[in-house]
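What follows is the residue order along each chain.
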Amino acid sequence: MSHRIAIVTSGPGRPFDDDLPPLVAALEQIGTTVEVLDWDDDGADWASVDLAVIRSTWDYTQRHDEFLDWTRRCASATTLINAPAVVAWNSDKRYLGDLVDAGVNVVDTSFIEPGDPIELPVGVEFVVKPTVSAGSRDTVRYHADDHAPATAQVEALLADGRTVMVQPYQAAVDEQGETALLFFGGEFSHAIRKGPLLVAGEEATRALFAQEVITATDAHPDQVALATQCLAALGGIDALAGVSLPLPYARVDVLVDNDGRFSILELELTEPSLFFDWAPGAPDRYARVLVELAEAARS
């Protein structure tokens, strides 16, 4: 009897998920029965699969509470990866504060909650976005003297009940971009380079996600070491107590910060793009991890 795995996507995300076809093909190649299901499909029978794998649920930021409720319901019927506790923690970028507390180099970040005074960086370009966001939606890069429009954006987000994060723009991104490091089952798989995305003074995208310029790259050993440290730190975070580690999948976005250090920009544990098109063999590596998990779930 073959394993049954559900790959979880969304109506808006499915047409744009370049990782979906190669992942399905890799799983089917090793004898797995695969279903591709939208997370909000009321007719989905999650109990009929050994494993449900979150892939391109890219509309969750607009329905965050509903999505978190779904993760818990799904996990009550089958094994969901990543687990609901991971998704709840990681889908709100206030998790960056936990990584800082764990001693991980993270890009300088401040958070503004509804009711807090609005304080913005002085003398440097900076980025404003909500803590629950994906694909650069509602993310704006500002010139150093753009405090008036930035304050207006912050006020609008706060009025909508959203928490805001502010980061000094990291200048090296314009020349070096970011490096995304992919891990499957705790093992480093591959890396890609993402070119600069935000232009100062340009409005935030209203699309599901902003288009990125991607190239294959070899990760620097220090980048791999930082990403590995970041993932190891998850074991000491209270919100993740009881979560089995290493995680089935993780993406760690690293850049050179304004102090010249490698720093974490984001840790993607919910629905990251995996960039299979730039990494031959990566779908097979990931598929093997998923099949092992499906076997464990069934036993």
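The rules we used
- Residues numbered from 1 in each chain as written.
- Predicted model: local features only at pLDDT ≥ 70, side-chain atom pairs only at ≥ 80, totals over all residues.
- Heavy atoms only, no water.
- Helix = DSSP H or I, 4+ residues; strand = E, 2+ residues; numbered from the N terminus.
- Rg over C-alpha atoms; globule rule 2.2 N^0.38 Å.
- Buried < 20%, exposed > 50% of the residue type's maximum accessible area, 1.4 Å probe, protein only.
- Contact = heavy atoms within 4.5 Å.
- Areas by Shrake-Rupley, 256 points an atom, 1.4 Å probe, with all protein chains shown as cover.
- Lys, Arg positive; Asp, Glu negative; His and termini not counted.
- Charge placed at Lys NZ, Arg CZ, Asp CG, Glu CD.
- Phe/Tyr/Trp six-rings, centres within 6.5 Å; stacked < 30°, edge-to-face > 60°.
- Lys NZ or Arg CZ within 6 Å of the ring centre and 35° of its normal.
- Pairing = 2+ DSSP bridges.
- Axes fitted to C-alpha atoms, helices over the stretch in contact; angles between N-to-C directions.
- Parallel < 35°, antiparallel > 145°, perpendicular 65-115°, else oblique.
- Left-handed = near helix turned anticlockwise from the far one by under 90°.
- Nonpolar A, V, L, I, M, F, W, Y, C, P; charged D, E, K, R; others polar.
- Expected span 1.5 Å × (residues − 1).
- Core = buried A, V, L, I, M, F, W, Y, C linked by side-chain atoms within 4.5 Å.
- Salt bridge = Lys/Arg side-chain N within 4 Å of Asp/Glu carboxyl O.

Q: Whenever I open this one, the overall build of the protein chain confuses me. Can you help?
A: Within the protein chain, the secondary structure is distributed over eight helices and 13 strands. Over its C-alpha trace the protein chain gives a radius of gyration of 19 Å, about what one expects of a compact globule, namely 19 Å for 299 residues. Taken along its principal axes, the extent of the C-alpha atoms in the protein chain is 65 × 40 × 35 Å. Relative to its 299 residues, the protein chain shows a buried fraction of 52%. Sequence separation of at least 24 residues holds for 73% of the intrachain contacts in the protein chain that already meet a minimum separation of 6. In the form shown here, the protein chain has an accessible surface area of approximately 13000 Å², with 49% of it arising from carbon and sulfur atoms. Each charge class in the protein chain can be summarised by its mean position, and for the 20 positive and 48 negative side chains these summaries are 4 Å apart.

Q: Looking at this structure, how should I read the packing of aromatic side chains?
A: Two descriptors summarise a pair of aromatic rings, namely the distance from one centre to the other and the angle between the planes of the rings. This structure, assessed with the given rule, holds 13 aromatic pairs. Pairing Phe275 with Trp278 gives two aromatic rings, centres 6.2 Å apart and planes at 70°, and the pair type is edge-to-face. The class for Phe275 is buried, based on a relative accessible area of 7%. Directly above the ring of Tyr169 sits Arg141, whose terminal nitrogen or CZ lies 3.7 Å from the centroid.

Q: How do you make sense of the sheet that holds strand β8 (residues 164-168) when you look at a structure like this?
A: Within a sheet, adjacent strands bond to each other through the backbone by hydrogen bonds, running parallel or antiparallel. Read from one edge to the other, the open sheet built from four strands follows the order β5-β8-β6-β7, with strand pairing classed as antiparallel. This sheet does not close on itself; its edge strands, each paired only once, are β5 (110-112) and β7 (140-142). Put simply, the sheet's adjacent strands are angled 25° from each other on average, direction ignored. Across three bridges, the pairing between strand β6 (residues 126-130) and β7 is antiparallel. Its bridge partner being in β7, Phe126 is matched across the sheet by Tyr142. In the packing of helix α5 (residues 147-159) onto the sheet, the strands contacted are β5, β6, β7 and β8, and the crossing angle to β6 comes to about 15°.

Q: Please explain the sheet that holds strand β9 (residues 178-184) as it appears in this structure.
A: Spatially, β11-β10-β9-β12-β13 is the arrangement adopted by the five strands of the open sheet, whose pairing is antiparallel. A strand with exactly one partner marks an edge of an open sheet, and here the two such strands are β11 (214-217) and β13 (262-268). Taken pair by pair, the neighbouring strands of this sheet meet at an average axis angle of 30°, ignoring direction. The sheet contact formed by strand β12 (residues 249-256) and β13 spans six bridges and is antiparallel. Residue Asp253 lies in a different strand from β13, and its bridge partner there is Glu266. Packed onto the sheet, helix α7 (residues 221-232) meets β9, β10 (187-194), β12 and β13 and runs at close to 50° relative to β13.

Q: Would you explain the packing of helix α1 (residues 20-29) against helix α8 (residues 282-298) in this entry?
A: Packed helices, taken two at a time, are described by their axes: the angle between them and the distance between them. Where α1 meets α8, the axes come as close as 9 Å, and the angle between the chain directions of the two elements is 60°. Between α1 and α8, the angle falls in the class oblique. α1 and α8 meet at a crossing whose hand is right-handed. Judged by residue contacts, Pro22, Leu23, Ala26 and Leu27 of α1 engage Pro283, Asp284, Tyr286, Ala287, Leu290 and Val291 from α8. Looking at the contact of α1 with α8 residue by residue, the class counts come to nine nonpolar, no polar and one charged.

Q: Quick question: what am I supposed to make of unusual backbone geometry here?
A: A cis amide bond, omega -10°, links Ile81 with the succeeding residue Asn82. With respect to the element layout, Asn82 can be found in the loop between β4 (79-81) and α3 (84-90). With a phi close to 60°, Phe275 is a non-glycine residue in the positive phi region. Topologically, Phe275 is positioned in the loop between β13 and α8.

Q: Got a minute to help me understand α7 in this structure?
A: Given 3.6 residues per helical turn, the α-helix brings residues three or four places apart onto the same face. The terminal C-alpha atoms of α7 lie 16 Å apart, and with twelve residues this matches the ideal 16 Å at 1.5 Å per residue to within 8%. Looking at the buried positions of α7, the neighbouring elements they touch are α4 (95-101), β9, β12 and β13.

Q: Looking at this structure, I do not really get the nonpolar core. What am I missing?
A: Note on soluble globular proteins: their nonpolar side chains tend to be buried together. Among the nonpolar cores identified, the biggest contains 45 residues, and Leu27, Trp46, Trp70, Phe184, Tyr286 and Leu290 are the most heavily contacted of them. Take this core: its biggest share by element is seven residues, from α8. Beyond its immediate chain neighbours, meaning those up to four positions away, Trp46 contacts Ala6, Val8, Leu37, Asp38, Trp39, Ala52, Trp70, Cys74, Ala77 and Thr78. Val86, Leu247, Val254 and Leu269 belong to the second-largest nonpolar core, a separate cluster that totals 27 residues.

Q: In this structure, what is going on with the pattern of salt bridges? I would like to understand it.
A: Side chains bearing opposite charge may pair, as long as their charged atoms lie close to each other. Considering all chains together, one arrives at 21 salt bridges under this definition. Between Asp40 and Arg63 there is a salt bridge, with the nearest N and O atoms lying 2.8 Å from each other. Here Arg63 lies in the loop between β3 (51-54) and α2 (64-77) and Asp40 lies in the loop between β2 (33-38) and β3, a separation of 23 residues in the sequence. For Asp40, a relative accessible area of 30% translates into the label partly exposed.

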